[in-house]
Amino acid sequence: MSEKISFKVPTRDEVSTANQEVFDHMLKAFGKTPNLYASFAWNDTALIDYLALQNRKSTLSAKEREVINLVVSQVNDCKYCVPAHTMLAGMLGYNEQQILEIRRADISFDDKLDALAKFTKETVINRGRPSDKALELFYDAGYNAANLVDVMIIIGDKIISNYLHNITQIPVDWPAVPKI
C-alpha cells in the first residue's frame, strides 16, 4: 500500500458526452482543455458543476478574484494553479512584480487589494478564522458583507482545485513561475 496510485488525465473519448461538449468548447476558446479541468471530467457532473461555481456572478472584479485565486493557490502550494493564475493575472494587466507581491499577500501598489490579500491569506491559513485586525482592514478598505461572502466562495473554489491537483499531481500545462 506504500506505492503511490497514479491518476491520469482523461482524454475526450474517456468522458461523458456532456463533458465532451465542454472539452470541445475549451478547445475552441483556449486551444486545449487544461489538464486540471479535464481531471474533473472523470466525474460526469463535477466539471460542469465546478465551471458553474467559477463563473458565477460576483460582487468582486476580475482583478480582485484573481488576487484571491493567487493567494489561496500560493498558500496551498498548488504547483498547477499558481502558474495558471499567474498567466491569468498577467492577462488582466498585473505585471510580474505585482504578481509576486500578490502571491506573497504583501501588495504595495494598491491598499485595497493589499487588505483583500492579507484577509484571504489569514482566512486560508487559519481555516476560516482570520484575525480581527485582518477583518477590520478588509472592511476599512471598502469591502462589505456581500464581498465577504464572495471571498469565501472563491476561496472554496480554489481549495477544490488546489486540493485536486495536490492529490493527483496531474501534469502542469502552464509556463513555470518563480518560487517565492
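Everything quoted here is computed from the prediction, not taken from an experiment.

1. Points about the overall build of the protein chain
For the protein chain, the helix and strand inventory stands at nine helices and zero strands. Relative to the 2.2 N^0.38 estimate, which gives 16 Å for 180 residues, the radius of gyration of the protein chain is 17 Å and therefore close to what a compact globule would have. A total of 180 residues make up the protein chain; the buried ones form 42% of that total. Summarising the internal contacts of the protein chain: among those between residues at least 6 apart in sequence, 67% fall at separations of at least 24. Total accessible area on the protein chain stands at roughly 10,000 Å², and carbon and sulfur atoms take up 56% of it. Charged side chains of the protein chain number 20 positive and 23 negative; the gap between the two group centres comes to 2 Å.

2. Considerations on the nonpolar core
If you look at the biggest cluster of nonpolar residues, it comprises 23 residues, and the most contacted ones within it are Val67, Ile68, Tyr94, Ile102, Leu113, Leu116 and Val151. Every element with two or more residues in this core is listed here: helix H4 (62-75), helix H6 (96-104), helix H7 (111-125), helix H8 (132-140) and helix H9 (145-168). In contact with Ile68, other than residues within four places in its own chain, are Leu60, Leu116, Thr120, Val151, Ile154 and Ile155. Counting residues in hydrophobic clusters, the runner-up holds 18 residues, among them Leu36, Phe40, Leu47 and Trp174.

3. Structural notes on the packing of H4 against H9
Between H4 and H9, the least distance of the axes is 9 Å, while the angle of their chain directions is 45°. Comparing their axes, H9 and H4 come out oblique. You can see that H4 and H9 cross each other, and the crossing is right-handed. Residues Arg65, Ile68, Asn69, Val72 and Ser73 of H4 form the contact with H9, whose own contacting residues are Val151, Ile154, Ile155, Lys158, Ile159 and Asn162. Along the lines of polarity and charge, the residues of the contact of H4 with H9 split into six nonpolar, three polar and two charged.

4. Some details on the side chain of Gln98
You can see Gln98 is positioned in helix H6. In this view, Gln98 contacts Gly93 and Phe109; residues no more than four positions away in its chain are not counted.

5. What about unusual backbone geometry?
Residue Asp77 is not a glycine yet carries a positive backbone phi of 50°. Of note, Asp77 is situated in the loop between H4 and helix H5 (81-91). When its relative accessible area of 44% is taken as the criterion, Asp77 is described as partly exposed.

6. Digging into the packing of aromatic side chains
A complete count under the given rule lists seven aromatic pairs for this structure. The rings of Phe119, Phe138, Tyr139 and Tyr143 are connected pair by pair, giving a single aromatic cluster. Lying across the ring of Trp174, Lys32 places its NZ or CZ 3.9 Å from the centre.

7. Some remarks on a nonpolar patch on the surface
Nonpolar side chains collect at one region of the surface, where Met87, Leu88 and Met91 lie side by side and expose about 280 Å² of accessible area between them. Among the secondary structure elements, Leu88 is positioned in helix H5. Exposure remark for Leu88: the relative accessible area of 33% places this residue in the partly exposed category.

8. Observations concerning the state of the cysteines
All chains considered together, the criterion is met by zero disulfides. No disulfide involves Cys78; its sulfur sits 3.4 Å from the nearest other cysteine sulfur, which is in Cys81.

Cut-offs and rules
- Residues numbered from 1 in each chain as written.
- Predicted model: local features only at pLDDT ≥ 70, side-chain atom pairs only at ≥ 80, totals over all residues.
- Heavy atoms only, no water.
- Helix = DSSP H or I, 4+ residues; strand = E, 2+ residues; numbered from the N terminus.
- Rg over C-alpha atoms; globule rule 2.2 N^0.38 Å.
- Buried < 20%, exposed > 50% of the residue type's maximum accessible area, 1.4 Å probe, protein only.
- Contact = heavy atoms within 4.5 Å.
- Areas by Shrake-Rupley, 256 points an atom, 1.4 Å probe, with all protein chains shown as cover.
- Lys, Arg positive; Asp, Glu negative; His and termini not counted.
- Charge placed at Lys NZ, Arg CZ, Asp CG, Glu CD.
- Core = buried A, V, L, I, M, F, W, Y, C linked by side-chain atoms within 4.5 Å.
- Axes fitted to C-alpha atoms, helices over the stretch in contact; angles between N-to-C directions.
- Parallel < 35°, antiparallel > 145°, perpendicular 65-115°, else oblique.
- Left-handed = near helix turned anticlockwise from the far one by under 90°.
- Nonpolar A, V, L, I, M, F, W, Y, C, P; charged D, E, K, R; others polar.
- Phe/Tyr/Trp six-rings, centres within 6.5 Å; stacked < 30°, edge-to-face > 60°.
- Lys NZ or Arg CZ within 6 Å of the ring centre and 35° of its normal.
- Patch = residues over 30% accessible without salt bridge, like charges linked within 9 Å, V, L, I, M, F, W, Y side chains within 5 Å.
- Salt bridge = Lys/Arg side-chain N within 4 Å of Asp/Glu carboxyl O.
- Disulfide = S-S within 2.5 Å.

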